[in-house]
Amino acid sequence: MTSQAQPQPQPPADTRAGAAVKAADRAHVFHSWSAQGLIDPLAVAGAEGSYFWDYDGKRYLDFTSGLVFTNIGYQHPRVVAAIQEQAGKLTTFAPAFAIEARSEAARLIAERTPGDLDKIFFTNGGAEAIENAVRMARLHTGRPKVLSAYRSYHGGTATAINVTGDPRRWPSDSGTSGVVHFWAPFLYRTPFYATTEAEEAERALRHLEDTIAFEGPGTVAAIVLETIPGTAGIMVPPPGYLAGVREICDRYGIVFVLDEVMSGFGRTGKWFAAEHFDVVPDLLTFAKGVNSGYVPLGGVAISAGIAATFETRPYPGGLTYSGHPLACAAAVATIGVMADEGVVEQAARIGEDVIGPGLRELAERHPSVGEVRGLGAFWALDLVRDPATREPLVPYNATGEANAPMAAFAAACKARGLWPFVNMNRTHVVPPCNISQAEAKEGLAVLDEALSVADGFLA
């Protein structure tokens, strides 16, 4: 049992303060990924453990972990104390110097990354990690192109959004960024007419190799994959696929980049999801769970071969806040909490014993659930209009009235005190990795009720 099992009593309701927060937000805050006049952000008064609450005193069980980053829950006292202590010691310092918190965070991360990924380049988040990983790959190989999957999300900055495969790329896709997209394996909605995981892996690898052949192997700098795609649907790759990508990269001298911004730091029941598949990339990007999102931090873990490229040749990239002391102190404390409290092991147990079995039981009762997939504290329900045809409950990239079924499902969750992660026709179950069994079962019970709403939209 971790120290996050039950939240502390929350302050009394203060509706007037909540109204003031909402008014200031609506007057001045420009929100990401939103039509500003069509949104109604909830005013949050506080959070602790697996819960947050509004100014009216309503409490929500957070099945989103913020944006899949509060891997140890909100307000863990050890991490809060570490940030406070670091603020009293050295609030900030330029990245060109050796700073204790920065050095220790890098050491602890390098101890846990697979293989020889022992050099750490710090960024402020995941998108910047992808930006720099792609830059490193291009400089290391002298090649221009990057291959990535259609079902993917890698960040909102210039290179990262072009590497992204989902529709958030479309408004900013320059078409000249040197990115080529391909189909990664996804048996439930296979583009390869596969009937087994083995067929899906084999055919997806053949498709990737064909793509490389027609693009020109000597032009491809990197293949960038989320180890387990996150926002795009939590599709666990079939056995052998990532190992096959590793072999293709080795054969053609291509840099293999794994994006573990969402799947890293315990989320899947391992420190890094790559451990499930026995693969070691050349570059590994991280963020989010590295310090539970308490202070912005991301980075690239770099292999010895790529690090050697920049041993006497300057790396042409950097950030003012790279390895910020407050963020690194939070990372040191978070990694310590995860080790001492068995958070990675807890994520594995909760997935195997509670979340996975619970979601599969829901699938048996609710015809709107087409597929259950995931690992650890990283799961998705693929919701459908017709279980036989697997037609999604809402169309791809649906908005407005077309998205009404998913909006109704989400509203049903929120009305019952559960904050869901909803994307397209899916709901993701991504609570803090140290969620208790009682909390997880509480959330599953709400999902059971809300899925009855989704069932009402079946064809």
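Please read all numbers here as calculations on a predicted model, not as lab measurements. (Residues numbered from 1 in each chain as written. Predicted model: local features only at pLDDT ≥ 70, side-chain atom pairs only at ≥ 80, totals over all residues. Heavy atoms only, no water.)

A.B. asks: Requested: an account of the pattern of salt bridges, with residues and values cited.
C.D. replies: Following the criterion strictly, the structure yields 22 salt bridges and no others. Between Asp-173 and Arg-169 there is a salt bridge whose closest N-O contact spans 2.8 Å. For Asp-173, a relative accessible area of 35% corresponds to the partly exposed category. Its salt-bridge partner being Arg-373, residue Asp-382 comes within 3.1 Å of it at the nearest N-O pair. Each member of the pair Asp-382 and Arg-373 is classed as buried. (Salt bridge = Lys/Arg side-chain N within 4 Å of Asp/Glu carboxyl O. Buried < 20%, exposed > 50% of the residue type's maximum accessible area, 1.4 Å probe, protein only.)

A.B. asks: Give me the lowdown on the sheet that holds strand 6 (residues 179-182), citing residues and values where you can.
C.D. replies: Pairing in this open sheet of 7 strands is mixed, and the strands run 4-10-9-8-7-5-6 from one edge to the other. The sheet terminates laterally at strand 4 (119-123) and strand 6, the two strands that pair on one side only. Ignoring strand direction, the axes of neighbouring strands in this sheet form an average angle of 20°. Where strand 8 (residues 255-259) lies against strand 9 (residues 283-286), 3 bridges are found, and the strand directions are parallel. Within strand 9, the position partnered with Leu-258 by the bridge is Leu-284. Against the sheet, helix 7 (residues 197-215) engages strand 5 (145-149), strand 6 and strand 7 (220-226), with an angle of about 150° to strand 6. (Pairing = 2+ DSSP bridges. Helix = DSSP H or I, 4+ residues; strand = E, 2+ residues; numbered from the N terminus. Axes fitted to C-alpha atoms, helices over the stretch in contact; angles between N-to-C directions. Contact = heavy atoms within 4.5 Å.)

A.B. asks: Tell me about the packing of helix 7 against helix 8 (residues 241-252), and name the residues and values.
C.D. replies: Between helix 7 and helix 8, the least distance of the axes is 10 Å, while the angle of their chain directions is 25°. Of the possible angle classes, the one that applies to helix 7 and helix 8 is roughly parallel. Along this stretch, helix 7 crosses helix 8, giving a crossing that reads as right-handed. Facing helix 7, whose interface residues are Ala-201, Ala-204, Leu-205, Leu-208, Glu-209 and Ile-212, helix 8 presents Tyr-241, Gly-244, Val-245, Ile-248, Arg-251 and Tyr-252. Counted by class, the contact of helix 7 with helix 8 contains 9 nonpolar, 1 polar and 2 charged residues. (Parallel < 35°, antiparallel > 145°, perpendicular 65-115°, else oblique. Left-handed = near helix turned anticlockwise from the far one by under 90°. Nonpolar A, V, L, I, M, F, W, Y, C, P; charged D, E, K, R; others polar.)

A.B. asks: Lay out helix 4 (residues 100-112) with the relevant residues and their values.
C.D. replies: Given a rise of 1.5 Å per residue, 13 residues ought to cover 18 Å, and the 19 Å separating the end C-alpha atoms of helix 4 matches this to within 8%. Of the residues making up helix 4, those classed as buried are Ala-101, Arg-102, Ala-105, Ala-106, Leu-108, Ile-109, Ala-110 and Arg-112. Against the buried residues of helix 4 lie helix 3 (77-89), strand 4, strand 9 and helix 10 (325-340). (Expected span 1.5 Å × (residues − 1).)

A.B. asks: Describe in detail the packing of aromatic side chains, supporting the description with residues and values.
C.D. replies: Evaluation of the coordinates by the stated rule reveals 12 aromatic pairs. Between Phe-93 and Phe-97 the ring centres are 5.0 Å apart and the planes differ by 85°, which places this aromatic pair in the edge-to-face class. The partly exposed category is assigned to Phe-97, whose relative accessible area is 49%. The interplanar angle of 75° and the centroid separation of 5.6 Å between the aromatic rings of Phe-121 and Tyr-315 together place this pair among those described as edge-to-face. In this pair, Phe-121 sits in strand 4 while Tyr-315 sits in the loop between helix 9 (304-309) and helix 10, placing the two residues 194 residues apart along the sequence. Each member of the pair, Phe-121 as well as Tyr-315, is classed as buried. The structure contains a cluster of three or more aromatic residues connected by ring pairs, namely Phe-265, Trp-271, Phe-272 and Phe-286. In this structure, Arg-112 is placed above the aromatic ring of Trp-271, and the distance from its NZ or CZ to the ring centre is 4.7 Å. (Phe/Tyr/Trp six-rings, centres within 6.5 Å; stacked < 30°, edge-to-face > 60°. Lys NZ or Arg CZ within 6 Å of the ring centre and 35° of its normal.)

A.B. asks: Any details on the pairing of strand 11 (residues 369-375)? Residues and values, ideally.
C.D. replies: Two strands pair when backbone bridges link them, and strand 11 and strand 12 (residues 378-386) are joined in this way by 6 bridges, in the antiparallel orientation. Among the inter-strand pairings, Gly-374 is bridged to a residue of strand 12, identified as Trp-379. Hairpin remark: strand 11 followed by strand 12, antiparallel, with 2 residues in the connecting loop; positive phi at Gly-376, about 55°.

A.B. asks: Can you tell me about the environment of Pro-237, naming the residues and giving the values?
C.D. replies: Relative to the helices and strands, Pro-237 is located in the loop between strand 7 and helix 8. Residues Pro-237 and Met-262, 25 residues apart in the sequence, show an inter-C-alpha distance of 15 Å. Not counting chain neighbours up to four residues away, the residues in contact with Pro-237 comprise Thr-227, Ile-228, Leu-242 and Phe-277.

A.B. asks: Kindly report on unusual backbone geometry, identifying the contributing residues and their values.
C.D. replies: Residues other than glycine seldom take positive phi values, yet Trp-33 does so here, at roughly 55°. Topologically, Trp-33 is positioned in the loop between helix 1 (15-28) and strand 1 (44-48). Since its relative accessible area comes to 52%, Trp-33 is described here as exposed. In the Ramachandran plot, Tyr-193 falls in the positive-phi region, its phi being about 60° despite a non-glycine side chain.

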